[in-house]
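# Structural features, examined
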Amino acid sequence: MFKRLILLPLALFIFISAYAQKVTPCGYIIPPKSLSSKFASVYEAKEVVNNMLSSIQWQENFSLREVNGMQNAYATIINGTRWIVYDNNFLEDIDEYAKTKWASMSIVAHEMGHHYYNHVVSNRGSSIPLELEADAFSGYVMQKMGATLDQALAAMSAIGTPTATSTHPAKANRLSAITRGWNAAKENKDAGTANTGTQTNPGNTGNPTNPPNPPGPGSTQTNADNDPSWIALYMQSTKDETVQLSDDGKTYQPAVIKAGGAFVFKFEIYQYGWLKLPYYNGYRTYKLLHGKDYTILYNRRNKNWTVVEIPE
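Residues numbered from 1 in each chain as written. Predicted model: local features only at pLDDT ≥ 70, side-chain atom pairs only at ≥ 80, totals over all residues. Heavy atoms only, no water.

## Considering the packing of aromatic side chains
Keep this limit in mind: Aromatic rings from Phe, Tyr and Trp, with only the six-membered ring used for Trp, were paired whenever their centres fell within 6.5 Å, and each pair was classed as stacked if the ring planes differed by under 30 degrees, edge-to-face if by over 60, and tilted otherwise. Segments assigned H or I by DSSP are reported as helices when at least four residues long, segments assigned E as strands when at least two residues long, and all are numbered from the N terminus. The classification of residues rests on relative accessible area computed with a 1.4 Å probe and restricted to protein chains. Under 20% of the type maximum is buried, over 50% is exposed, and intermediate values are partly exposed. Geometrically, a lysine NZ or arginine CZ counts as sitting over a ring once it is within 6 Å of the ring centre and also within 35 degrees of the ring normal.
All told, the structure shown has 6 aromatic pairs when counted by the stated rule. Taking 4.9 Å as the distance between ring centres and 80° as the angle between the ring planes, the aromatic pair formed by Trp58 and Tyr116 counts as edge-to-face. Here Trp58 is found in the loop between helix 1 (42-56) and strand 3 (63-66), whereas its partner Tyr116 is found in helix 3 (residues 102-116), with 58 residues between them in sequence. The same class applies to Trp58 as to Tyr116, namely buried. With centroids separated by 5.2 Å and ring planes inclined at 35°, the aromatic side chains of Tyr116 and Phe137 adopt a geometry described as tilted. Linking Tyr116 in helix 3 with Phe137 in helix 4 (residues 128-145), this pair joins segments that are 21 residues apart in sequence. Phe137 shares its class with Tyr116; the two are buried. Chaining the aromatic ring pairs together yields one cluster made of Trp58, Phe62, Tyr116, Tyr117 and Phe137. Sitting over the ring of Trp83, Arg65 keeps its end group 4.4 Å from the ring centre. Here Lys276 stacks its cationic end above the ring of Tyr252, 4.1 Å away from the centre of that ring.

Written out as structure tokens, the structure is:
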């Protein structure tokens, strides 16, 4: 989860009445207090983060800030500087509750994912597609670090919320995303390759040498060809074009489609997605069905974009 403004109340919780449990703004159930200590200081956290960065060959583009008592961890930008803000005690509690040191590490990896994919730059707050992408990144990093799949899933299994909200996915979908990322890293390791896809990551100031691209929104993964839940967009243009995508028809995020290339994406929660293109003085919205391919065409006569389904 990432924050728009650091001024947002850090102690803001959502209550799940059925369980009478407090939930962080990042969609985590707050675990019971732990009597043990595993993340003893910011320096230890720094060492863990450095190991994660080394495992994916990515140069750090953020700093760490410890704020105990807020019972959360999140990615943000403060005065132009990228941060991961975390509560030591909260991370320790997660490890104790999940019974593994990998739990807190997976939470930190999730927040790293928000910085890696520049989710915090848009200043739009959290959304289900972005959270799933960060979850897949976490699974990818955990596998690279040597965690088993069960260890990579431990935190979300223990503190993920059973139902989705407008900004965060349900536990089942998050576990699925983490599993995809973990499997992608394992497949690459078995194949002796370093990348999980061909999508570039423009604007990432870390400039990783081998950027991980866990399956998620914006993936060009080839196994999507036989997966009916994916949607493919093809841009008929001589230059890269930016479109707006949404999984709920309410919150949109920009996506760059390469000239003459495909943009394959999958939204985990809904049965279809939405595409918004410039049209006259505003935008025209298109509803896209999973398992379909679409071509985006430009009409030179009326100077507007349109979408055409590619017949099977």
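## Description of the pattern of salt bridges
Our working definition: Note on definitions: salt bridges are taken to be side-chain nitrogens of Lys or Arg within 4 Å of carboxyl oxygens of Asp or Glu.
Going through the model one piece at a time under the given rule, you end up with 5 salt bridges. Between Glu131 and Arg174 there is a salt bridge, with the nearest N and O atoms lying 3.8 Å from each other. Of the two residues, Glu131 is situated in helix 4 and Arg174 in helix 6 (residues 171-191); the sequence distance between them amounts to 43 residues. As a salt-bridge pair, Arg174 and Asp135 come within 2.8 Å of each other at their nearest N and O atoms.

## Digging into the sheet that holds strand 3
Just so we agree on the cut-off: By definition, two strands form a pair when at least two bridges between them are found by DSSP. Here the axes come from fitting lines to C-alpha atoms, over the contacting stretch only for helices, and the angles between their N-to-C directions go from 0 to 180 degrees. In this analysis, two residues are considered to be in contact whenever any of their non-hydrogen atoms come within 4.5 Å of each other.
Sheet architecture is open: 3 strands sit in the order 3-5-4, paired in mixed fashion. Strands at the two margins of the open sheet, each flanked by one partner only, are strand 3 and strand 4 (73-78). Across the sheet, the axes of successive neighbouring strands diverge by a mean angle of 30°, strand direction being ignored. Where strand 3 meets strand 5 (residues 81-86), 4 bridges bridge the pair, whose relative direction is parallel. Note that in strand 5 the partner of Leu64 across the bridge is Ile84. Against the sheet, helix 3 makes contact with strand 4 and strand 5, and its axis sits at roughly 30° relative to strand 4, the strand it touches most.

## Focus: helix 4
Note the cut-off: To estimate how far a helix should reach, multiply one less than its number of residues by 1.5 Å.
Taking 1.5 Å per residue as the helical rise, helix 4 with its 18 residues ought to reach 26 Å, and the 26 Å between its terminal C-alpha atoms agrees with that figure. The element helix 4 is largely enclosed, with a buried count of 16 among its 18 residues. In the stretch just after helix 4, Gly146 is the one whose phi turns positive, near 105°.

## A closer look at unusual backbone geometry
If you check the backbone angles, Asn79 has positive phi at about 50° while not being a glycine. Summarising the element assignment, Asn79 is placed in the loop between strand 4 and strand 5. The backbone of Lys99 shows a phi angle near 65°, a positive value even though the residue is not glycine. Checked against the element boundaries, Lys99 lands in the loop between helix 2 (88-98) and helix 3.

## Structural notes on the packing of helix 2 against helix 5 (residues 149-159)
To be explicit about the condition: These descriptions rest on fixed angle ranges, namely under 35 degrees for roughly parallel, over 145 for roughly antiparallel, 65 to 115 for roughly perpendicular, and the rest for oblique. Residue polarity is assigned by list, with Asp, Glu, Lys and Arg as charged and Ala, Val, Leu, Ile, Met, Phe, Trp, Tyr, Cys and Pro as nonpolar; anything else, Gly included, falls into the polar class.
For the pair helix 2 and helix 5, interaxial distance at closest approach is 9 Å and the crossing angle is 95°. Overall, the two elements helix 2 and helix 5 adopt an arrangement that is roughly perpendicular. Judged by residue contacts, Ile94, Tyr97 and Ala98 of helix 2 engage Ala154, Ala155, Ala158 and Ile159 from helix 5. Classifying every residue of the contact of helix 2 with helix 5 by side-chain character gives 7 nonpolar, no polar and no charged.

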